[in-house]
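A look at the structure
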Amino acid sequence: LRKQDSGDGPAVVVIFILGMIFMPLVFWLEFTFEPPWWLHMVLWSAVILGAALALLRPMKGLMIALQYKHRASDSGLEDYDQD
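In what follows, the accompanying structure is described.

Parameters and conventions
Residues numbered from 1 in each chain as written. Predicted model: local features only at pLDDT ≥ 70, side-chain atom pairs only at ≥ 80, totals over all residues. Heavy atoms only, no water. Core = buried A, V, L, I, M, F, W, Y, C linked by side-chain atoms within 4.5 Å. Buried < 20%, exposed > 50% of the residue type's maximum accessible area, 1.4 Å probe, protein only. Helix = DSSP H or I, 4+ residues; strand = E, 2+ residues; numbered from the N terminus. Contact = heavy atoms within 4.5 Å. Phe/Tyr/Trp six-rings, centres within 6.5 Å; stacked < 30°, edge-to-face > 60°. Axes fitted to C-alpha atoms, helices over the stretch in contact; angles between N-to-C directions. Parallel < 35°, antiparallel > 145°, perpendicular 65-115°, else oblique. Left-handed = near helix turned anticlockwise from the far one by under 90°. Nonpolar A, V, L, I, M, F, W, Y, C, P; charged D, E, K, R; others polar. Expected span 1.5 Å × (residues − 1). Bend = angle between axes of the 7 residues up to and from the residue.

1. Thoughts on the nonpolar core
By size, the foremost hydrophobic cluster in this structure holds 8 residues: Val-14, Leu-18, Phe-22, Val-26, Leu-29, Trp-44, Ala-51 and Met-59. The greatest single-element share of this core, amounting to 5 residues, is contributed by helix α1 (residues 9-33). In this structure, Met-59 is in contact with Pro-10, Val-13, Val-14 and Ile-17, ignoring residues within four places of it in sequence.

2. A word on the packing of aromatic side chains
Overall, the coordinates contain 3 aromatic pairs when judged by the stated rule. Summarising the aromatic geometry, the rings of Phe-27 and Phe-31 are spaced 6.2 Å apart at their centres and angled 10° between planes, so their arrangement reads as stacked. With Phe-27 and Phe-31 both in helix α1, this residue pair falls 4 residues apart, about one helical turn.

3. Overview of the environment of Pro-35
Inspection of the secondary structure assignment puts Pro-35 in the loop between α1 and α2 (37-69). If near-sequence neighbours (up to four positions away) are discounted, Pro-35 is found in contact with Leu-29, Glu-30 and His-40.

4. Quick look at the packing of α1 against α2
In a pair of packed helices, the angle between the axes and the distance between the axes together describe the arrangement. The interhelical angle for the contact between α1 and α2, taken along N-to-C directions, is 150°, at an axis separation of 8 Å. One element, α1, and the other, α2, form an angle in the roughly antiparallel class. Where α1 crosses over α2, the two elements pack in a sense that is right-handed. Here α1 contributes Gly-9, Pro-10, Ala-11, Val-13, Val-14, Ile-17, Leu-18, Phe-22, Leu-25, Val-26, Leu-29 and Glu-30 to the contact with α2, which in turn contributes His-40, Leu-43, Trp-44, Val-47, Ile-48, Ala-51, Ala-52, Leu-55, Leu-56, Met-59, Lys-60 and Met-63. When its residues are assigned to classes, the contact of α1 with α2 shows 20 nonpolar, 2 polar and 2 charged.

5. Some thoughts on the environment of Glu-30
Position of Glu-30 relative to the elements: it lies in helix α1. The spacing of Glu-30 and His-40 is 10 residues in sequence and 8.4 Å in space, taken between C-alpha atoms. In contact with Glu-30, not counting residues within four places along its chain, are Pro-35 and His-40.

6. Concerning α2
The end-to-end C-alpha distance of α2 is 46 Å, a good match for the 48 Å that 33 residues give at a rise of 1.5 Å each. Remark: the principal bend of α2, roughly 30°, maps to Leu-56, with a proline, Pro-58, within the next four residues. The set of residues buried in α2 consists of His-40, Trp-44, Ala-51, Met-59 and Gln-67. Immediately downstream of α2, the backbone of Arg-71 shows phi near 55°, a positive value.

In short, the description is geometric, and any link to function would need to be established separately.
Below is the structure:
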């Protein structure tokens with residue numbers, strides 16, 4: 001697996017997924033209950049950090065598995081049949 005490098009790809013995917021899931025919830029909570037700003041900071045920081053840490057490792061594994069399956073490399077110049 002030395003030719004597979006996930007780079008920042010999994011982090012970007014996790015950021016987009018969490019943004020799609022949590023931003024509507026943040027706005028719903030704000031417009032429905034109007035809590036103080038510190039409550040938003042405490043609540044969403046803990047929830048989003050926990051979700052990000054839970055998703056990051058599986059996304060990295062998925063990215064590397066897809067690279068391995070499709071014989072992708074960082075530069076696209078690697079010949080996998082030579083090893």
